[in-house]
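Survey of secondary and tertiary structure
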Amino acid sequence: MRRSSAAAVFIALVFPSTSAFTKISNATDTDSLIWGTYRPNLYFGMRPRVPKSLMTGIMWFGTNEYGDFQVFRHSCEQGDELAGYTWTEHDPREGGVQVLKDPKLNLELTTEVLKFPGGEHGGSWATRIKGRPLNPSKPMKVSMISYQGIEGLGSLEMETAADSNGLAGEIIFRGESADLGKFKLRRVESSNSRVLTEGEHAEAFEARSGKTHFMGRLVPDGSLWRAKDIVYKAIIDFVNPKLPHYRDSGMRFPEPGLMLTLPDEIINGSNFYALQKTYDGEFSFDVFFESGSSGSKLNDETFTRLMQQFKTIFDNRFRGTFPVPDSLGEKYVAFSKAVTSNLLGGIGYFYGDSIVDGSVANDEDSDEEISEESPDDPIIKARAKRTLAPPRELLTATPSRPFFPRGFYWDEGFHLLQIGAWDNDLSLEILKSWVDLIDENGWVGREQILGEEARSKVPEEFQMQFPTYANPPTLIMAVTAFINRLKTEGAAQDPLAQFGAQGQVGQTGFSDEQTTHARPRGSGNQLLDTEAAKDYLRSIYHQLLRHYEWFRRTQRGQIRQWSGRTASSSVEGYRWRGRSTEHVLTSGLDDYPRPEPHVGELHVDLISWMAFYTGTMREIADFLGEADDEAEFGRIQKEILVNIDELHWSEKEQTYCDLGVDEDDESTYVCHKGYVSLFPFLLGLLEPTSPHLKPILDLIHDPKQLWSNYGIRSLSASHELFGQGENYWKGPIWMPMNYLALSALHKKYAAEDGPHQAQARQIYDQLRKNIIENVYKEYERTGYVWEQYDATNGEGRRSHPFTGWTSLVTLIISEKY
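Below: a short report on this structure.

What counts, and where the lines are drawn
Residues numbered from 1 in each chain as written. Predicted model: local features only at pLDDT ≥ 70, side-chain atom pairs only at ≥ 80, totals over all residues. Heavy atoms only, no water. Patch = residues over 30% accessible without salt bridge, like charges linked within 9 Å, V, L, I, M, F, W, Y side chains within 5 Å. Areas by Shrake-Rupley, 256 points an atom, 1.4 Å probe, with all protein chains shown as cover. Salt bridge = Lys/Arg side-chain N within 4 Å of Asp/Glu carboxyl O. Lys, Arg positive; Asp, Glu negative; His and termini not counted. Charge placed at Lys NZ, Arg CZ, Asp CG, Glu CD. Helix = DSSP H or I, 4+ residues; strand = E, 2+ residues; numbered from the N terminus. Core = buried A, V, L, I, M, F, W, Y, C linked by side-chain atoms within 4.5 Å. Buried < 20%, exposed > 50% of the residue type's maximum accessible area, 1.4 Å probe, protein only. Contact = heavy atoms within 4.5 Å. 1 Å grid on protein atoms, 1.4 Å probe; cavity = no way out; pocket = protein on both sides within 12 Å on 5 of 7 lines; lining within 4 Å. Points joined across faces, edges and corners; volume = space filled by probe spheres on them. Nonpolar A, V, L, I, M, F, W, Y, C, P; charged D, E, K, R; others polar. Pairing = 2+ DSSP bridges. Axes fitted to C-alpha atoms, helices over the stretch in contact; angles between N-to-C directions. Disulfide = S-S within 2.5 Å. Polar contact = N/O pair within 3.5 Å; in protein donor to acceptor, adjacent residues only side chain to side chain. Phe/Tyr/Trp six-rings, centres within 6.5 Å; stacked < 30°, edge-to-face > 60°. Lys NZ or Arg CZ within 6 Å of the ring centre and 35° of its normal. Parallel < 35°, antiparallel > 145°, perpendicular 65-115°, else oblique. Left-handed = near helix turned anticlockwise from the far one by under 90°.

As a further point, take a negative patch on the surface. Where like charges cluster on the molecular surface, the negative patch consists of Asp662, Glu663, Asp664, Asp665 and Glu666. Mapping Glu663 onto the fold places it in the loop between strand S23 (658–661) and strand S24 (667–670).

This is how it looks when you write it as structure tokens:
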């Protein structure tokens, strides 16, 4: 059963028993983040932040009839049609509770996890898996499978003696690896579980019924993610030889749950093990992982007591961190907790190689022919060289567990705003993981599709990343949010006092207890210490600077080359690379209307992002005492801000527009009123006294344009392309853009004196109310939060659950911007 008896000796000699995890700062508590529910693409799975190591998970299928075997759950799939799967509580450092509703199997499944600190390898953990009928008046027959497997240099064996008829009682595994040291895994069944023992031909299965069935297999490195296929095949191979006996004799087939089992065998050298138990009603079992260096001895009573304690502490902390106005009531507290917990429960650890275009010799862009910009064009397809980049690792939140279970640059900056409000240091740990992906040229791929498991969720034509393609630099928003937290934490201390405090619309509707909550300086807030913050920012500064310079070098647009363009700066204009005729995927606003493809295009959203990026780099340089850099960033930002108005403001249309080039090589405004028109406002670049602010506020608040009872539309309702074609960003309402609008209003335009302050306040109050009520309404109606919302009726659309940036609704409820 042991994978290799010599392996453990080799591991002990070559790899000393110390922590293999690098801290982002000596001040941080990294150990509490080693283990986690870092397999968000699965309904439930645990793994450490180690490239090749131990992975665990669960799967299940129905046994009411043989056809239910096809209803086999493992990875999150929209096609499974679950009525919901929601983390009701989740703290990556402590544990969580998830409730899944599977109507096809009449199953309500609850997964609970707790982490126990101690030792040198990330501590121990325990999970409780329990189920009950959704409808108690109907049968619920379900087969539950838990599994564990190890990759790389490590060993894993089943200590419990094997029995060809299955196992009774506690089942124990022991293992060892370089990063985890020695460890034990135990599965313990509750005495209250209703185990399946009866049914057609039950007498023939008497020796095996009610037992825990098992299997062990030798699985190649990099293939443990195929656990469902491995288990499914093992059951089929075990059952198939037995079927002819019943079919040929004309007998009725046995009770499905008695027949559809694992084979109760372990192949020599196994590194993957599965345990199966079939139930006829309510059930519960625990899985305990005990690290050898922690000395923990876990049991069901301890778990029950500490789980209740965790829920109480989580609830109290949540109410203090994200206060819900009294007027909204408890149902909004539960809703806000759930969407936040699902964002945190969607954090994953990924490791593997990625596919990049290896034909790009350098990152300088050629402006000679636009066809080279589009991956859909035959020229670039012929030129592209499919190259496997070396394996990398990434800790990241994910937009959608079933549909987008991987890292997205565009989304991650928004994710980190909310994660940072809950756990400052965790958000910076994730940010550092992304920053470490920036290559020597300053590029980082906009999608992180790391390894075969990640690629299995992505169509082949979208797997390759191109080293000249960008994405909105939203990661810098996480730095801005960190600096804002530093302002709040240390406003009276030097050198942070130099930042000052920003005016904000006062919070209203919160109780005294909520507003006076003191943010604890716990394990998730240690980088709010001034010196620790300096150390952290120094550790990422040069990588962010390299990334910034890559943006300015590779995404620069042409200004003076085209007639009719007047700008104070001849260099501060920008154009997204990597577009096709119908899409500018790199902008993040995929099918939003743009000018005709041309090397002379200039994009107002990109220049706005560059102004924001420059401003944040100036703040970091100021904090770190990099005076020359600060002055240079200040100069560049002023030039960009001037160019935004001089290049992109159309007096005729009274809005910001992209620039195109017509058939006479004349520069022309291309004005598609919608999100793109708002970017200088969304990112807070306009002054409250700007003459352009009033037309922007009017555009937002006009029902014939962008205003709806459900949020700001992505494209004007009066536009000829509104709701047409793919209709991805041609009208639907998106949370991140509405969040940016509310943030700009709350922190600047409704807070600071100006001629349009009253209008800004009115829009803020109405928009906030509309967003909160509609997202909650759809959550109540469908059980999910959605990727986007319909521009005409507010109904949820496309991917669900989408608890990435749509979870920003929690920040909107609590007015945390």
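The subject of this paragraph is the nonpolar core. In this structure, Trp60, Met144, Phe335, Leu431, Met617 and Phe681 are the most contacted members of the largest nonpolar core, which totals 191 residues. Here this core gets 13 residues from one element, more than from any other, and that element is helix H14 (residues 604–624). The residues touching Met144, leaving out its near neighbours within four places in the chain, are Ile58, Met59, Trp60, Leu109, Ile129, Arg187, Leu275, Gln276, Lys277, Tyr279, Phe283 and Phe285. Core analysis: the next-biggest nonpolar cluster, separate from the first, contains 28 residues, Ala202, Ala227, Ala234 and Leu243 among them.

What follows covers the layout of surface pockets. Considered as a void within the structure, the second largest pocket measures approximately 1,200 Å³ in volume. In this structure, the second largest pocket is lined by 45 residues; those nearest its centre are Arg446, Glu447, Phe462, Leu585 and Asp590. Of all elements in the fold, only helix H7 (378–383) and helix H8 (409–422) reach the threshold of two or more residues within the lining of the second largest pocket. Its residues assigned to classes, the lining of the second largest pocket shows 21 nonpolar, 9 polar and 15 charged.

Another point: the pattern of salt bridges. Between side chains of opposite charge, a pair can form as their charged atoms come close. A full pass over the atoms with the stated rule returns 45 salt bridges. Close ionic contact of Glu89 with Lys337 constitutes a salt bridge, the shortest N to O distance being 4.0 Å. Separated by 248 residues along the polypeptide, Glu89 in strand S5 (residues 84–91) and Lys337 in helix H6 (residues 330–345) bring together distant segments of the chain. Each member of the pair, Glu89 together with Lys337, is buried. With its nearest N and O atoms 2.8 Å apart, the salt bridge here joins Lys432 to Asp436. When salt bridges with common partners are traced through the structure, they connect Glu89, Asp315, Arg319, Glu330 and Lys337 into a single cluster.

The next point concerns the sheet that holds strand S10 (residues 154–158). Read across the open sheet, the 8 strands follow the order S5-S6-S7-S8-S16-S12-S11-S10; overall the sheet is antiparallel. The two strands at the open ends of the sheet, each matched to only one other strand, are S5 and S10. On average, each strand axis in the sheet is tilted by 10° relative to the strand beside it, whichever way the strands run. Bridge count between strand S7 (residues 107–116) and strand S8 (residues 124–133): 10 bridges; the pairing is antiparallel. Paired with Leu114 across the bridge in S8 is Ala126.

For the structure on display, the rule yields 9 cavities of 30 Å³ or more. In this model, the largest cavity occupies a volume close to 90 Å³. Around the largest cavity, the lining is made up of 13 residues, and of these Arg208, Ser209, Gly210, His213 and Gly257 lie nearest the centre. Taken together, the residues that form the lining of the largest cavity break down as 4 nonpolar, 6 polar and 3 charged.

The subject of this paragraph is the state of the cysteines. A complete count under the given rule lists 1 disulfide for this structure. Shown here is the disulfide that connects Cys657 with Cys671, its sulfur atoms set 2.0 Å apart. Looking down the S-S bond of the Cys657 and Cys671 bridge, the torsion is 100°, so its handedness is right-handed. Taken together, the residues Cys657 in the loop between strand S22 (655–656) and S23 and Cys671 in the loop between S24 and helix H16 (675–682) connect sequence positions 14 residues apart.

To continue, consider the environment of Ser539. Structurally, Ser539 can be placed in helix H13 (residues 530–554). Judged by relative accessible area, Ser539 falls into the partly exposed class, the value being 27%. Taking C-alpha positions, Ser539 is 8.7 Å from Lys432, a pair spaced 107 residues apart along the chain. A polar atom in the side chain of Ser539 sits 2.5 Å from the backbone oxygen of Tyr536.

As a further point, take the packing of aromatic side chains. For the structure shown, the criterion picks out 53 aromatic pairs. Geometrically, the ring pair formed by Phe335 and Tyr776 is edge-to-face, given 5.3 Å between the ring centres and 80° between the ring planes. With a gap of 441 residues between them, Phe335 in helix H6 and Tyr776 in helix H19 (residues 757–782) connect regions that are remote in the sequence. Judged by relative accessible area, Phe335 falls into the buried class, the value being 2%. Here Tyr776 falls in the buried class, since its relative accessible area comes to 7%. We note Lys242 situated over the ring of Phe238; from NZ or CZ to the ring centre the distance is 3.7 Å. We note Arg317 situated over the ring of Trp422; from NZ or CZ to the ring centre the distance is 3.7 Å.

So, about the packing of helix H9 (residues 424–435) against helix H11 (residues 475–489). The geometry of H9 relative to H11 is characterised by a closest axis approach of 10 Å and an angle of 150° between their N-to-C directions. Relative to H11, the element H9 is oriented roughly antiparallel. You can see that H9 and H11 cross each other, and the crossing is left-handed. For the pair H9 and H11, the contacting residues are Asn424, Ser427, Leu428, Leu431 and Trp434 in the first and Leu475, Ala478, Val479, Phe482 and Arg485 in the second. Of the residues contributing to the contact of H9 with H11, the split by class is 7 nonpolar, 2 polar and 1 charged.

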